[in-house]
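Topology and contacts: notes
Spelled out from the first residue to the last, the chains are:
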Amino acid sequence: MPALSNPLLQKWFNAFMRLSHRALTPWVQHASDIRLPLRGECRAGQVYLVGAGSGDAELLTLKAARLLMQADAVVYDRLVGDDVLALIPSGSERYYVGKARGHHSVPQAEIGELMVKLAREGKSVVRLKGGDPAVFARMGEELDVLAAAEIPAAIVPGITAASAAAACMGIPLTDRGHAQQLRFVTAQLCREDGTPDWSSLARKDETLVFYMGLSKVSAICHGLRQAGLPDEWPIMLVANASQREQQSLVGSLADMPERLAATPLPSPCLIVVGSVVQRVATTPASLATNFSSAQQTTP
């Protein structure tokens, strides 16, 4: 017969476990007491090009959060969320240089001049950009300006909108049953002859993600259909990914322009094209990270 089947021994064992727990409690570190190791400094005279992620402050990298709390000055864009800006101490200098479609509050050249000026004043500077600073965010231009002025710079990546949108909709950007390739495309055609090569984009084994393309949805759908993708090919629009204002539309290349006209979405809006979008309809709601206030329309 096992020893613990004896009622007396069981009683002594339970008492021993309670005493042990009380004795060891002071030595056990609770989750609320854990402090993550945020080491490093925000150096004077240096500019940090920091990705603010998709707007949800909890999706910031630890390094980005640390630099925001340490910097003397923060130069930030329009798409940086309020919760992220709340991490900046009240004593730090703030410079808003946001851009909206059709209106640039501060020309790009002046943004560069501002960063150089602040760094030369001996201040540590965070250049805060929505998403990832290296994905369609003019980081190259700003690095060139800093290099010409001999200002040291560092890059801190952030979660780009494509990753945030897919995660919030509960789908992968790639899936071996759907896509073997992933391509990011800017829908803002800056060159006069900048029409995309639709034939190279119209692939069934690829996921396409168009940035800054809300006003070009009809052109994108038309171009891909003309290049050979079927009318029923899936497309998804996600606005304000990972934020409380998140909204989405899911449909096909044939019907998405009409859907968008009936249910307009705000900017910024990401466009995902590919068979992986079909998983939206089959993904359990518990796996998606949509906020309860998010609006979603599916076929």
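See the structure above.
Structural notes, computed from the coordinates. (Residues numbered from 1 in each chain as written. Predicted model: local features only at pLDDT ≥ 70, side-chain atom pairs only at ≥ 80, totals over all residues. Heavy atoms only, no water.)

1. Comments concerning helix H8 (residues 217-226)
Of all the positions in H8, only Val217, Ile220, Cys221, Gly223 and Leu224 are classed as buried. Angularly, the buried residues of H8 cover 165° about the axis, an arc narrow enough to put them on a single face. Once H8 ends, the next one or two residues include Gly228, with phi positive near 125°. (Buried < 20%, exposed > 50% of the residue type's maximum accessible area, 1.4 Å probe, protein only. Helix = DSSP H or I, 4+ residues; strand = E, 2+ residues; numbered from the N terminus. Arc of directions from axis to C-beta.)

2. Quick word on the packing of aromatic side chains
By the definition in use, this model includes four aromatic pairs. Through successive ring pairs, a cluster of aromatic residues spans Phe136, Phe184 and Tyr211. (Phe/Tyr/Trp six-rings, centres within 6.5 Å; stacked < 30°, edge-to-face > 60°.)

3. A short note on helix H4 (residues 108-120)
Across its 13 residues, H4 extends 19 Å between first and last C-alpha, which sits within 8% of the 18 Å expected from 1.5 Å per residue. Taken residue by residue, H4 has Gln108, Ile111, Gly112, Leu114, Met115, Val116, Leu118 and Ala119 as its buried positions. Just beyond H4, the residue with positive phi is Gly122, at close to 85°. (Expected span 1.5 Å × (residues − 1).)

4. Structural notes on the environment of Ala73
You can see Ala73 is positioned in strand S2 (residues 73-76). Residue Ala73 is classed as buried on the basis of its relative accessible area of 0%. A sequence separation of 19 residues divides Ala73 from Ser92, and the C-alpha atoms of the two residues are 5.5 Å apart. Once residues lying within four places of it in the same chain are set aside, the contact partners of Ala73 are Glu93, Tyr95, Leu118, Ser124, Val125 and Val126. (Contact = heavy atoms within 4.5 Å.)

5. Re the nonpolar core
Phe210, Leu224, Ile235, Leu237, Leu253, Ile271 and Val273 are the most contacted members of the largest nonpolar core, which totals 24 residues. Elements represented by at least two residues in this core include exactly helix H7 (198-201), strand S9 (206-211), H8, strand S10 (234-239), helix H9 (256-262) and strand S12 (269-273). Top contributing element to this core by residue count: H8, with four residues. Those residues in contact with Val273, other than ones at most four positions away along the chain, are Glu206, Thr207, Leu208, Phe210, Leu224, Trp233, Pro234, Ile235 and Leu253. Formed by 19 residues, the second largest nonpolar core is a distinct cluster that contains Tyr48, Leu60, Ala71 and Leu85. (Core = buried A, V, L, I, M, F, W, Y, C linked by side-chain atoms within 4.5 Å.)

6. Topic: the packing of H4 against helix H5 (residues 139-148)
Interaxial distance between H4 and H5 falls to 10 Å at its minimum, and their mutual angle equals 45°. By the angle between their directions, the pair H4 and H5 is classed as oblique. You can see that H4 and H5 cross each other, and the crossing is right-handed. Residues Gln108, Ile111, Gly112, Met115 and Val116 of H4 lie in contact with H5, whose contacting residues are Glu141, Glu142, Val145 and Leu146. (Axes fitted to C-alpha atoms, helices over the stretch in contact; angles between N-to-C directions. Parallel < 35°, antiparallel > 145°, perpendicular 65-115°, else oblique. Left-handed = near helix turned anticlockwise from the far one by under 90°.)

7. Side note on the pattern of salt bridges
The full count for this structure, using the stated rule, is 14 salt bridges. Among the ionic pairs, Arg127 bridges to Asp77, the shortest N-O distance being 2.9 Å. Taken together, the residues span a long stretch of sequence, with Arg127 in strand S6 (residues 125-129) and Asp77 in the loop between S2 and helix H3 (82-85) at a distance of 50 residues. Neither residue differs from the other here; Arg127 and Asp77 are each classed as buried. Ionic pairing is found between Glu141 and Arg138, a salt bridge with its closest N-O pair at 3.9 Å. (Salt bridge = Lys/Arg side-chain N within 4 Å of Asp/Glu carboxyl O.)

8. Side note on the sheet that holds S6
The strand order across the open sheet formed by five strands is S3-S2-S6-S1-S7, and the pairing between neighbours is parallel. With one partner strand each, in any of the chains shown, strand S3 (93-96) and strand S7 (153-156) form the two edges of the open sheet. For this sheet the average axis-to-axis angle between neighbouring strands, irrespective of direction, equals 20°. Contacting strand S1 (47-51), S2, S6 and S7, helix H2 (residues 62-70) runs over the sheet at an angle of about 130° to S1. (Pairing = 2+ DSSP bridges.)

9. Description of a nonpolar patch on the surface
On the surface, a nonpolar cluster with roughly 330 Å² of combined accessible area is contributed by Phe136, Leu182, Phe184 and Met212. Take Phe184: it is sitting in strand S8 (residues 181-186). According to the relative accessible area criterion, Phe184 is partly exposed, its value standing at 31%. (Patch = residues over 30% accessible without salt bridge, like charges linked within 9 Å, V, L, I, M, F, W, Y side chains within 5 Å. Areas by Shrake-Rupley, 256 points an atom, 1.4 Å probe, with all protein chains shown as cover.)

Taken by themselves, the reported measurements are silent on function.
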